[in-house]
Amino acid sequence: MNRQLIYKVSGGAVGILIVGSSFLSIRQRKRDKKTSELLTHIKKQLATTANNLDAENAFDIYYLTKVLQNVNGQVIAMSESSATSFAKQIHKSWGAWYEGGDDEDAVYAVFRKLKDKVQVSQVAKAYQSTYNKNLIDTIKNRLSEDEIKIILSIIGEIPNYRTA
C-alpha cells in the first residue's frame, strides 16, 4: 500500500510538473511573440536615417529602368552629361577637415535642383560610374545623421517621376 501511495503521489507530481511547464512554455511563447511584434514596430518607428537612406528608392541606380517598365507614358529623364555634372558638383563638395570640411550646402543645392526621384537615381548612377563609389555610402560616411535627414526631406518632397 505504501508503494502505491508513493507511485500515485509521484505520478501526480510529475503530471503537475508537465502541465505547469507546458503552461509556462505556452505563456512564454505568447510573451515572446508580443515582444517581437513590439520590437519590430519600434524599429520601424525609430529606424535610423542610414537605414532609411538604404530603403530610399531614389538612390537605386536602376530606378529609372524600373519606372520605365511600370509606367505607360513617356518618362522625363535628364541627359547623362547633366547627371554627371550634378555628380561632379556633389563630389567637389567633399573636403578634407584641414580644408574646412564638407560643403553640405552645395550638396543640398544639388538635390534641390533635381525635379524628381528618377533624376536622383540618374545622379547616383553617374556618381557610381564616374567615381566607382556608391553615392549612398559616400553620403553616410561624409554627413551626419541630421544632414542626411535634410537630404531625405528634400527628396521626399519631389515626385517619383514625371511624364511628358
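My aim in this report is to walk through the structure given alongside it, one point at a time. None of these values were measured; they are calculated from a predicted model.

### What to know about the overall build of the protein
Okay, step 1: Assigned secondary structure in the protein consists of eight helices and zero strands.
Okay, step 2: Its helices and strands in sequence order give the protein the pattern α-α-α-α-α-α-α-α, from N to C terminus.
Okay, step 3: Going through the 164 residues of the protein one by one, you find that 29% of them count as buried.
Okay, step 4: Expressed as a percentage of contacts within the protein between residues at least 6 apart in sequence, the contacts between residues at least 24 apart total 78%.
Okay, step 5: About 11200 Å² of surface is accessible on the protein, with carbon and sulfur atoms providing 53% of the total.

### Notes on the side chain of Gln122
Okay, step 1: Take Gln122: it is sitting in helix H6 (residues 117–131).
Okay, step 2: In this structure Gln122 touches Leu64, Ala77, Met78 and Ala83, once residues within four positions along its chain are discounted.

### As for the layout of surface pockets
Okay, step 1: The space that makes up the largest pocket amounts to roughly 220 Å³.
Okay, step 2: Forming the boundary of the largest pocket are 13 residues, of which Glu80, Ala83, Gln122, Lys125 and Ala126 lie nearest the centre.
Okay, step 3: Looking at the lining of the largest pocket, the element that brings in the most residues is H6, giving five residues.
Okay, step 4: By residue class, the composition of the lining of the largest pocket is six nonpolar, five polar and two charged.

### Quick notes on the packing of aromatic side chains
When we look at a pair of aromatic rings, we describe it by the centre distance and by the angle of the planes.
Okay, step 1: Across all of its chains, the model carries two aromatic pairs by this definition.
Okay, step 2: Measuring from centroid to centroid gives 5.1 Å for Tyr127 and Tyr131, while their planes differ by 50 degrees, and the two rings are tilted. Note that Tyr127 and Tyr131 are positioned in helix H6 at a spacing of four residues, about one turn of the helix.
Okay, step 3: The exposure class assigned to Tyr131 is partly exposed, which follows from its relative accessible area of 22%.

### Quick word on the pattern of salt bridges
Okay, step 1: Evaluation of the coordinates by the stated rule reveals three salt bridges.
Okay, step 2: A salt bridge links Asp60 to Lys66; the shortest N-O distance between them is 2.6 Å.
Okay, step 3: Residue Lys66 is classed as partly exposed on the basis of its relative accessible area of 41%.
Okay, step 4: With a closest N to O distance of 2.9 Å, Asp116 and Arg162 form a salt bridge. Residue Asp116 is located in the loop between helix H5 (104–113) and H6, and its partner Arg162 is located in the segment after helix H8 (145–157); the two are separated by 46 residues in the primary sequence.
Okay, step 5: A residue is classified by how much of its surface remains accessible, and Arg162, at 24% relative accessible area, is partly exposed.

### Re the nonpolar core
Okay, step 1: Phe59, Ile90, Phe111, Val120, Leu135, Ile139 and Ile151 are the most contacted members of the largest nonpolar core, which totals 29 residues.
Okay, step 2: Of all the secondary structure elements, the ones that give two or more residues to this core are helix H4 (80–92), H5, H6, helix H7 (135–142) and H8.
Okay, step 3: Membership of the second largest hydrophobic core comes to six residues, among which are Tyr63, Leu64, Val71 and Val75.

### A closer look at the environment of Arg162
Okay, step 1: With 86 residues separating them in the primary sequence, Arg162 and Ile76 have C-alpha atoms 5.5 Å apart.
Okay, step 2: If we skip the residues at most four places from it in the chain, Arg162 touches Gln74, Val75, Ile76, Lys115, Asp116 and Gln119.
Okay, step 3: At a separation of 2.9 Å, a polar atom in the side chain of Arg162 contacts the side chain of Asp116.

So, how was this worked out
- Residues numbered from 1 in each chain as written.
- Predicted model: local features only at pLDDT ≥ 70, side-chain atom pairs only at ≥ 80, totals over all residues.
- Heavy atoms only, no water.
- Helix = DSSP H or I, 4+ residues; strand = E, 2+ residues; numbered from the N terminus.
- Buried < 20%, exposed > 50% of the residue type's maximum accessible area, 1.4 Å probe, protein only.
- Contact = heavy atoms within 4.5 Å.
- Areas by Shrake-Rupley, 256 points an atom, 1.4 Å probe, with all protein chains shown as cover.
- 1 Å grid on protein atoms, 1.4 Å probe; cavity = no way out; pocket = protein on both sides within 12 Å on 5 of 7 lines; lining within 4 Å.
- Points joined across faces, edges and corners; volume = space filled by probe spheres on them.
- Nonpolar A, V, L, I, M, F, W, Y, C, P; charged D, E, K, R; others polar.
- Phe/Tyr/Trp six-rings, centres within 6.5 Å; stacked < 30°, edge-to-face > 60°.
- Salt bridge = Lys/Arg side-chain N within 4 Å of Asp/Glu carboxyl O.
- Core = buried A, V, L, I, M, F, W, Y, C linked by side-chain atoms within 4.5 Å.
- Polar contact = N/O pair within 3.5 Å; in protein donor to acceptor, adjacent residues only side chain to side chain.

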